[in-house]
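Fold and contact review
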Amino acid sequence: MADNAAHDAPPQNEMITIGTVRLPKAAQEVLADLTNEEMKTVRTTAPCPYSETMGGKWKSTPKTLDLAVMISGVLQSREGESTVQNFLNNMKAKWNLSMPYLKGVRGAVEHILKAEDRAAARGSDSNVVDSDNYMDQCNYAMGRLKDDNKHEPTLFHSDGQWVEIQHKPTPVAVPLDRDTFAARLNMATSWRKPVGDSTDYRYVSCPPDVVKQLYYHTDKPVPELKGVIHAPMYDVEGRLIVSRGYDRSGYFYAPPDDLFVAKPPRNITEADLAKARETLVDILCDFELDGVSRADLEAAALRGEGEKVWRSGNDPQVMSAVPPSFLSMVGFMFEQLVRPLIDGPVMPLLISKPVSRAGGGLLASVVQQVVRGATNVRPLATNEEERRKSIVAALRSGTSIMAWDNLPERRTVDSPSMATLFTEGEITDRVLGASEEITMQVSASFLLIGNRPPFSKELTERLTLAELIPQTDSPAKRTGWKHAQLLPYVKENRGEILGALLVLIQNWINLGRPASKYAPVIGRFESYTGTIGGILECAGPNWTSWQGNRDKLKAVAEDDEGDNWGVLFEAWAAERGLGAGGKIEVNGLIEIASENEIDLPVQRIKDSGPFAYNGRSFGKAMASMNERVFALGGYGKVMLTKHGNRTAGGVAWVLKHLTDKAVKSDPATAREPVFKPDPVAQPVPPLRVMTRFMTPEERNGFPEMSKDEKAALALVLVQRKADKLKAA
């Protein structure tokens, strides 16, 4: 036993939990003086009436434990408060003890006697705020989140973030900010604070420090979400995901309630393949892909017949009547259904057309409706920073298809952000509106739609082409469509169309997933071309022409003018000439660039349009190219140089003509060569900046023209431009 000032260390194997309840200081001091064994003695004391307790004979002042045992017996005899007060008064009078001390002993005894009641009320969960250990609280919360999301999960982690499925209107994965996560955590956990003597509790929200710890914890106790899919998908093992909800592969299948897609038969017959091919031809036959009519497409894709043929991918000796643009569209619809089987990036699909209203937007909507049950397109920002932000936002939304429509006709699409997006498996970027970075997986497919939009060589090499070539001068007035309301028809029959795609994929899997024989080797896209090409080649004996139009892709999409500064300087030379006679200042060059809508890597004037270049930024760009040599079409090689001293209008610039043997020399002593262009073959502005003066027929036939035909057309366009300026 201990006296009123000291106690022994508690045995480690007989701890009594008494909790932390607000007690008077005197009671706390008494508790501190009692060992764990002594507390157990107090708790197990039998009831003892007041009369028996006072009948005891004490030879010396009772110690703290003696008083505690006596008070415990009196309290448990339940003789009332007046009896307890009489006992305390007698102890004070007989042994000269202070009343605060005696009340402290009583408070400590009551606390010990109620320990079991408090433990029963508290339960075993470590969820008592300001009482339980911080790490125990974190572990409790982690355990509850894990249990709540074990069978039908609602919370997931993706790319290191907490995400949940939200319906708006179609199900999508939405990253959670910390406040939203705290709300979800409070739904899965219960947090309490003790009231009074700790036999009652009031419910409170999760402690902020616990929320913060769990929100930023790297090892999240919930399933990984790789994506939300809206159509059946084959996982990396070749297993078809068809059950709604979360799948063990990491995908959440969320189809519309009315969508039914039949599973492909275990054994695919030739009749199954034929029906699947007919279903796909049915929705694509009226788009005049590669200029092929409905009847000719049906003959080629279903029967292998046709006068017009294309090379089979990388083998010019094997020809096919199936238009490669048709297979490009079918291949695009395969992508998301087999995305886990493609180990690497997928190639963006360019839907190119020579004129407006040729059906490119409708075709993009059709394939989007099939693959994801919804359509969505976005404009392509002219500013690279805005493109980057748009890409980050789209990736964070978890969309399966990113589509850009109405790409510019006369301005080269050259975007480092898009080049990275199309070739990298993951992208790290800054979170919008925050200073933190996030790494996002790239698993989407990409659509680009426009009237023969030009691309940089870097981007062109990454594209797959589907070309629409209308066989009429007024494609918007076409009639005789097989399905007058094609998009509603696709919506209504989406399940059947998806079923046809699955049959062709399952056939490829049954054959051992053979890689494509004919698809060309394209760096970084080997898995993509091998998979999509392999499925197509297994789908039909003559479906071998996928990617057989890459020469055409270069003709219609690649900006063969190269450096856009060269484009600008050709327009400058055409307007003012070479040498000192053609000198020009920055403001004059800005006017030419704006008039011809030439996209340059120069800062713009805010809110003033895509070609309102900042003069200071433009001047710095020119200074960085001083004495640079350019090859300008019919003008040959020229050197950009400063001319004379700076004037009030700024620095003047000239283009000096160079012979093949010309070498760089001191501008102060070098004689300017005299350039006299051939009067018969006058150089003209680059054709790409003259396309606005072309007729629809000329735009349509331009890619097939010979060099002589292009040169003749260029002279005609120069005259048209002059006539227009004269009339103005």
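Residues numbered from 1 in each chain as written. Predicted model: local features only at pLDDT ≥ 70, side-chain atom pairs only at ≥ 80, totals over all residues. Heavy atoms only, no water.

1. So, the packing of aromatic side chains
Enumeration according to the criterion identifies 16 aromatic pairs in this entry. Between Phe156 and Phe252, the aromatic rings sit 6.1 Å apart at their centres with planes inclined by 80°, giving edge-to-face as the arrangement. A residue pair is termed long-range when its members are at least 10 positions apart, and Phe156 in strand β1 (residues 155-158) and Phe252 in strand β10 (residues 251-253) qualify at 96 residues. Take Phe156 and Phe252: they sit in the same class, and that class is buried. (Phe/Tyr/Trp six-rings, centres within 6.5 Å; stacked < 30°, edge-to-face > 60°. Helix = DSSP H or I, 4+ residues; strand = E, 2+ residues; numbered from the N terminus. Buried < 20%, exposed > 50% of the residue type's maximum accessible area, 1.4 Å probe, protein only.)

2. Digging into the environment of Gly582
For Gly582, the position within the fold is in the loop between α22 (564-576) and β19 (584-585). Assessed through its relative accessible area of 0%, Gly582 is described here as buried. Taking the C-alpha atoms as reference, Gly582 lies 8.5 Å from Trp653; in sequence the two are 71 residues apart. Setting aside residues no more than four positions away along its own chain, Gly582 makes contact with Trp572, Arg576, Gly577 and Trp653. (Contact = heavy atoms within 4.5 Å.)

3. Points about the pattern of salt bridges
Per the counting criterion, the structure on display carries 24 salt bridges. Members of the salt-bridge network, linked through shared partners, are Glu81, Arg106 and Glu110. (Salt bridge = Lys/Arg side-chain N within 4 Å of Asp/Glu carboxyl O.)

4. Observations regarding the packing of helix α13 (residues 324-335) against helix α20 (residues 526-539)
Close contact between α13 and α20 brings their axes to 10 Å; oriented N to C, the two are set at 115°. Taken as axis vectors, α13 and α20 run roughly perpendicular relative to one another. Every pair of crossing elements has a handedness; the one defined by α13 and α20 is right-handed. For the pair formed by α13 and α20, the contact residues are Leu327, Val330, Gly331, Phe334 and Glu335 on the first element and Tyr528, Ile532, Ile535 and Leu536 on the second. Residue classes in the contact of α13 with α20 are distributed as seven nonpolar, one polar and one charged. (Axes fitted to C-alpha atoms, helices over the stretch in contact; angles between N-to-C directions. Parallel < 35°, antiparallel > 145°, perpendicular 65-115°, else oblique. Left-handed = near helix turned anticlockwise from the far one by under 90°. Nonpolar A, V, L, I, M, F, W, Y, C, P; charged D, E, K, R; others polar.)

5. Describing the side chain of Glu335
Inspection of the secondary structure puts Glu335 in helix α13. Here Glu335 sits buried without a salt bridge, and the closest side chain of opposite charge, Arg339, lies 6.4 Å off (N-O distance). When residues no more than four places from it in sequence are discounted, the contact partners of Glu335 are Ile342, Val346, Met347, Ser445, Tyr528 and Ile532. (Lys, Arg positive; Asp, Glu negative; His and termini not counted.)

6. Description of the nonpolar core
With 104 residues, the main nonpolar core has Phe326, Trp404, Leu421, Leu447 and Trp543 as its most contacted residues. In terms of residue count, the dominant contributor to this core is helix α19 (residues 494-510) (ten residues). In terms of nonpolar packing, the next biggest core, distinct from the first, is built from 30 residues, Trp572, Ile590, Ile598 and Leu600 among them. (Core = buried A, V, L, I, M, F, W, Y, C linked by side-chain atoms within 4.5 Å.)

7. Thoughts on the packing of helix α23 (residues 586-595) against helix α24 (residues 615-624)
The N-to-C vectors of α23 and α24 enclose an angle of 100°; their axes lie 10 Å apart at closest approach. In this view, α23 runs roughly perpendicular relative to α24, as classed from their interaxial angle. Only Gly615, Phe618, Gly619 and Met622 of α24 make contact with α23, whose side of the interface consists of Val586, Leu589 and Ile590. In terms of residue class, the contact of α23 with α24 is built from five nonpolar, two polar and no charged.

Distances and angles like these do not, on their own, reveal function.
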